[in-house]
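Reading the structure
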Amino acid sequence: MVLSLNPDLVYDGPIFDTHTHAVDNESLDLMVRIQKRFGVERAVLICHSPGAMRYAKREYPGHFVYAKYFSGVQRFTDGVDVIAKEIRNLKEDGYDLAKMQSAPVMRARAKADPDELRLHEDEMSPMFEALGDEAVPFILHLSDPDTYYSTRYSDLEFFGSKERDLSELEGVISRYPDVRYQIAHFAAQPEIHRLDNLGRWLDSYPNFNVDTSSARWLSRELSKDPNRASEFLTKYSNRIHFGTDCVAYTDDVNYYEGRYSALRLLLESDVRNMPLPFQDADTINSGGTQINGLSLEDSVLEQIYWKNPRRFYDF
Ligand SMILES: [Zn+2]
């Protein structure tokens, strides 16, 4: 079935997409239809409203695990105790896990000082203690592509360096060994020059896995050295979850198909210099983004696509 979609795709088993978002209901219907065509049988759904969760539970029983969405702004507005309380009630409210979007842009949105409420600092500990006590898995997005730091994060009033943000992220992982993390976007280190550091983290801290979202960022960076990337994904194949970061917010079929095709071509195929099936704003003036496939072994694909997420979410 999948083979008829694209002759370069080789994997024929089930897929668990560990990073999708629900914004509106009709778009969710479309996203699920496209997921099924691409072999996605399970997904993590990050719910941007309680209504989105109720709708998905009614319409798609058994398809999703449900993440409650926490904005990185909330700790500056409501305070950490409110977040900790919501985490303690999360399972009762029908969710399975928590997701926090705490990218640097949130710091600017909250007009927060670069030193204020870094996640690894003492003030934030009630949130992580709640995650550990309640055994709530935590998807965390904290840092961003190198390309963002050199363009949109140049305002030093709100932003520091990527190195500083990564040390905050490492601080979070190392400080709370009882919390189980899925660190989004390859822990913000899919850039080839960062893989050694990510490998060091994976070797040092057993309590986190990474996801492969986003399709654009991962395709752009891992395609720059497919041999090194393939070696890395094979070595750490038991710590990686497939995830797209598809957001159910639009009726544009190409939006969803583009992300599933791009990531699957990247992981499975041996294509060379294939244009990303959608536009990458970060390379628009420098020749665009091309996919160079990693040709991962079947057993590696099986772990990343299915076995690791099943184990992690016990689902
Ligand atoms: Zn996301």
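In what follows, the accompanying structure is described. (Residues numbered from 1 in each chain as written. Predicted model: local features only at pLDDT ≥ 70, side-chain atom pairs only at ≥ 80, totals over all residues. Heavy atoms only, no water.)

Regarding the environment of G287
Inclusion rule: Put simply, DSSP marks the helices as runs of H or I at least four residues long and the strands as runs of E at least two long, and each gets a number from the N terminus on. Each residue is assigned to one of three classes by its accessible area relative to the maximum for its type, calculated with a 1.4 Å probe on protein chains only: buried under 20%, partly exposed between the two thresholds, exposed over 50%.
Turning to its location among the elements, G287 is positioned in the loop between β10 (274-275) and β11 (290-291). Accessibility expressed as a relative area gives 62% for G287, which makes it exposed. On a C-alpha basis, the gap between G287 and R220 in space is 12 Å, while along the polypeptide they are 67 residues apart.

A closer look at a negative patch on the surface
Operational definition: Patch criteria: residues need more than 30% relative accessible area and no salt bridge. Like-charged residues are merged within 9 Å; nonpolar side chains of Val, Leu, Ile, Met, Phe, Trp and Tyr are merged within 5 Å. Surface accessibility follows the Shrake-Rupley procedure with a 1.4 Å probe radius. Residue values consider only the protein chains on display as shielding. Take a side-chain nitrogen of Lys or Arg and a carboxyl oxygen of Asp or Glu: if they are within 4 Å of each other, that pair is a salt bridge. Residues counted as positive are Lys and Arg, residues counted as negative are Asp and Glu, and His and the chain ends are not counted. Charge positions come from single atoms, namely NZ of Lys, CZ of Arg, CG of Asp or CD of Glu.
A cluster of acidic side chains, namely D113, E116, D155 and E157, defines a negative patch on the protein surface. Inspection of the secondary structure puts D113 in the loop between α6 (104-109) and α7 (125-133). By relative accessible area, D113 is classed as partly exposed at 40%.

Topic: unusual backbone geometry
The amide bond that connects S213 to the next residue, S214, takes the cis arrangement and shows omega of 0 degrees. Phi is positive for A135, which is not a glycine, with a value near 50 degrees. Within the secondary structure layout, A135 lies in the loop between α7 and β5 (138-141). What makes A135 exposed here is its relative accessible area of 52%. You will see that F186, though not glycine, has its phi angle at about 55 degrees, which is positive. Counting through the fold element by element, F186 comes out in helix α10 (residues 184-187).

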